[in-house]
Structures are given as structure tokens and as C-alpha cells.
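Per-entry structural report
For reference, the chains in residue letters:
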Amino acid sequence: TDELELHLPDGALARHAVEHARAAGGRAGEIPAEPAVAVNMEYARLDTPLRDGDEVAFIPPVAGG
């Protein structure tokens, strides 16, 4: 797994973590603009407030049939 440490201001939302990660470039730049996310290992919405020390995971899209 790829890990990226982000430093976000107080009051940041999961959406801000997505934006900052995408801006970091590299593989993180490939994250969709509105991915499914998890905060502290639970599915969350992009408008979920973040606290210091929270772990945010970006869940890749999957295709199936």
C-alpha cells in the first residue's frame, strides 16, 4: 500500500484530504476527484470532518460483472 502523510488545517473535511493527495502528484495524482473514502477504517462521506491523527483511505473503483 502507498502511504502519504498530509497536514491539513483544523476543520478540514475528507474532501480536502482527497484534494491535497491528488495535488501531491505521483500515484496519488491518479485518485479520482470523488473517490469512495474511509476514515479510521469506516466508510465515510467526502464531507466528513477530520481530526488530528485520523487515517483516510481512498478506495479504488472496481468493475465487476
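Look up a bit, the structure's there.
Throughout what follows, the structure given in this document is the object of discussion. (Residues numbered from 1 in each chain as written. Predicted model: local features only at pLDDT ≥ 70, side-chain atom pairs only at ≥ 80, totals over all residues. Heavy atoms only, no water.)

1. A few points about the overall build of the protein
The test is simple: The numbering of helices and of strands both runs from the N terminus, where a helix is a DSSP run of H or I of at least 4 residues and a strand a run of E of at least 2. C-alpha atoms define the radius of gyration in this analysis, and the globule rule sets the expected value at 2.2 Å times the number of residues to the power 0.38. Here's how the labels work: a residue is buried when its accessible area is under 20% of the maximum for its type, exposed when over 50%, partly exposed in between, all with a 1.4 Å probe on protein chains only. Should any heavy atoms of two residues lie within 4.5 Å, those residues are counted as being in contact. All accessible-area figures derive from a Shrake-Rupley calculation using a 1.4 Å probe, and residue coverage is judged against the displayed protein chains alone. Asp and Glu count as negative and Lys and Arg as positive, but His and the ends of the chain are not part of the count. A charged residue contributes its charge at one atom only: NZ of Lys, CZ of Arg, CG of Asp or CD of Glu.
Helix and strand content of the protein: one helix and three strands. Along the protein, from the amino end to the carboxyl end, the secondary structure elements read α-β-β-β. Radius of gyration (C-alpha) of the protein: 12 Å, near the 11 Å computed for a compact globule of 65 residues. Each of the three principal axes of the protein carries a C-alpha extent, and together these read 40 × 25 × 20 Å. For the protein, the residues scored as buried account for 20% of the 65 residues in total. Restricting the contact set of the protein to residue pairs at least 6 apart, pairs at least 24 apart contribute 32%. Total accessible area computed for the protein in this model is approximately 5,100 Å², and 50% of it derives from carbon and sulfur atoms. Positive and negative side-chain charges of the protein, numbering 5 and 12 respectively, have mean locations separated by a distance of 7 Å.

2. Side note on the nonpolar core
In plain terms, the rule: The term nonpolar core refers to a set of buried residues drawn from Ala, Val, Leu, Ile, Met, Phe, Trp, Tyr and Cys, joined through side-chain atoms within 4.5 Å.
Of all hydrophobic cores here, the largest spans 10 residues; its members are Ala 14, Ala 17, Val 18, Ala 21, Ala 28, Ile 31, Val 37, Val 39, Leu 46 and Leu 50. Broken down by element, the residue count for this core peaks at four residues, all from helix α1 (residues 14–23). In contact with Ala 21, other than residues within four places in its own chain, are Leu 4, Leu 6, Ala 28, Gly 29, Ile 31 and Phe 58.

3. So, the sheet that holds strand β2 (residues 42–44)
Rules: Note: two strands are recorded as paired if DSSP finds a minimum of 2 bridges between them. Here an axis means a line fitted to C-alpha atoms, over the contact stretch when the element is a helix, while the angle between two N-to-C directions is reported on a 0 to 180 degree scale.
Read across the sheet, three strands follow the order β2-β1-β3 without closing on themselves; strand pairing throughout is antiparallel. For this open sheet the edge positions go to β2 and β3 (56–59), each flanked by a neighbour on one side alone. Averaged over all adjacent pairs, the angle separating strand axes in this sheet is 40°, with direction ignored. As judged from the three bridges shared by strand β1 (residues 36–39) and β2, these two strands associate in the antiparallel manner.

4. Brief notes about the pattern of salt bridges
Worth spelling out the cut-off: For salt bridges, the criterion is a side-chain nitrogen of Lys or Arg within 4 Å of an Asp or Glu carboxyl oxygen.
Counting across every chain of the model gives one salt bridge. Asp 47 serves as the salt-bridge partner of Arg 45, at 3.0 Å between the closest nitrogen and oxygen. Residue classification places Arg 45 among the exposed residues on the basis of a relative accessible area of 59%.

All we've got here are geometric facts, nothing functional implied.
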